[in-house]
Amino acid sequence: MRLKSLLIAAALAGFATLAHAQGQITVKEPYARATIGQAKVSAAYMTIETSTGPDRLIAAASPVAGTVELHTHLHEGGVMKMRQVEAIELAPGKPAVLETGGYHIMMLDLKQPLKAGETILLTLTFEKAGKVEVQVPVRPLRAGHQRH
Ligand SMILES: [Cu+2]
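Residues numbered from 1 in each chain as written. Predicted model: local features only at pLDDT ≥ 70, side-chain atom pairs only at ≥ 80, totals over all residues. Heavy atoms only, no water.

With respect to the pattern of salt bridges
Test applied: Salt bridge, as applied in this entry: a Lys or Arg side-chain nitrogen positioned within 4 Å of an Asp or Glu carboxyl oxygen. Runs of E in the DSSP output that reach at least two residues are strands. Runs of H or I that reach at least four are helices, and both are numbered from the N terminus. Relative accessibility decides the category of a residue: with a 1.4 Å probe and only protein chains considered, values under 20% of the type maximum give buried, values over 50% give exposed, and everything between is partly exposed.
In this structure the tally under the stated criterion is five salt bridges. Between Glu-89 and Arg-56 there is a salt bridge, with its nearest N and O atoms 3.2 Å apart. Of this pair, Glu-89 sits in strand β7 (residues 88-90) while Arg-56 sits in strand β4 (residues 55-61), and the two are 33 residues apart along the sequence. For Glu-89, a relative accessible area of 51% translates into the label exposed. Between Glu-127 and Arg-56 there is a salt bridge, with the nearest N and O atoms lying 2.9 Å from each other. Note that Glu-127 is positioned in the loop between β10 (119-126) and β11 (130-139) and Arg-56 in strand β4, a separation of 71 residues in sequence. The exposure class assigned to Glu-127 is partly exposed, which follows from its relative accessible area of 44%. Exposure remark for Arg-56: the relative accessible area of 26% places this residue in the partly exposed category. Overlapping salt bridges bring together Arg-56, Glu-89 and Glu-127 as one network.

Spelled out as structure tokens, the structure:
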């Protein structure tokens, strides 16, 4: 339900989506969080669509990060925790939505600070579609959106 309303909101807003299409995979609205100070971690978010059969995002990598993991957020006893996941599922009409408080691509051991306005390269690996390269703009952290 939440996904549906998000998509409708996006359609109503009518904003031009920054879409990267590669074969059957389309990545929309990718962005990564700028880092604060010497922080060595950040996260990337996006919506990933597939036009053919079901697929799974199984890995990600970036030249700016030593390690990149797929994460989700879980509520445990009223506390929000991150957990690594093996894969993020997607299917035609059921995009993988990576967003604040949900699935995200966790970049660890960053080799450089991520500054707003820059673009980083992420290589996504899908079980069926294989590798897809995405140029990800870095966005500033905003007050009230410190959590990832
Ligand atoms: Cu995480």
